[in-house]
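Coordinate analysis (summary)
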Amino acid sequence: MSEARRKLPKPTPAELELLRVLWTLGPATVKNVHRARQAERPDITYATVLRLMQVMHGKGLLLRDESQRSHVYSAVQKPDALRTGLLGDLIQRAFAGSGKDLVMAALKVHVSAEEREEIRRYLRETGDE
């Protein structure tokens, strides 16, 4: 992972929601992102989305293409890269650096029977079981 990516700030929960929209849509205008967020959160205003996206651009979480009349924004990080970074931080803070403890906690409460079977298949296929 490059030094620049490691130093990107962690997105707030609201910023993470906008990143999820951008990962789904791809590069998009504020108007497109606002419409997509309204489907899940009808009370969110255009001004709120605009302000958040401007802040995210300033923090380095978004790129902004200003070559068109309506600016087009895109996420700097791909979903897997961001999730890996956030997960690493969670493991350090909440599980004293133990990935095993994180997995055990997830398996106890947060994993369905179907997901357990999928995990078993993955471990068999990768030779890790």
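Residues numbered from 1 in each chain as written. Predicted model: local features only at pLDDT ≥ 70, side-chain atom pairs only at ≥ 80, totals over all residues. Heavy atoms only, no water.

1. Re the overall build of the protein
Helix and strand counts for the protein come out as seven helices and two strands. Starting at the N terminus and walking to the C terminus, you meet the elements of the protein as α-α-α-α-β-β-α-α-α. Each of the three principal axes of the protein carries a C-alpha extent, and together these read 55 × 35 × 25 Å. A total of 129 residues make up the protein; the buried ones form 24% of that total. The long-range share in the protein, meaning contacts at least 24 apart out of those at least 6 apart in sequence, stands at 44%. Split by element, the accessible area of the protein, about 8,900 Å² in all, is 54% carbon and sulfur. (Helix = DSSP H or I, 4+ residues; strand = E, 2+ residues; numbered from the N terminus. Buried < 20%, exposed > 50% of the residue type's maximum accessible area, 1.4 Å probe, protein only. Contact = heavy atoms within 4.5 Å. Areas by Shrake-Rupley, 256 points an atom, 1.4 Å probe, with all protein chains shown as cover.)

2. A closer look at the pairing of strand 1 (residues 62-65)
Of the strand pairs in this sheet, strand 1 and strand 2 (residues 72-75) are connected by four bridges, and their pairing is antiparallel. Its bridge partner lying in strand 2, aspartate 65 is registered against valine 72. Joining the antiparallel neighbours strand 1 and strand 2 is a turn of six residues. (Pairing = 2+ DSSP bridges.)

3. What about helix 4 (residues 46-59)?
End to end, helix 4 covers 20 Å across 14 residues, agreeing with the expected 20 Å (1.5 Å per residue, within 8%). Every buried residue of helix 4 is listed here: Val49, Leu52, Met53 and Met56. Taken around the axis of helix 4, the buried residues stretch over an arc of 95°, which confines them to a single face. Those residues of helix 4 hidden inside the fold are in contact with helix 2 (13-25), helix 3 (30-40), strand 1 and strand 2. (Expected span 1.5 Å × (residues − 1). Arc of directions from axis to C-beta.)

4. Quick look at the environment of lysine 78
Here lysine 78 shows up in the loop between strand 2 and helix 5 (79-95). The exposure class of lysine 78 is exposed, given its relative accessible area of 62%. Expressed as a C-alpha distance, the spacing of lysine 78 and leucine 22, which sit 56 residues apart in the sequence, is 10 Å.

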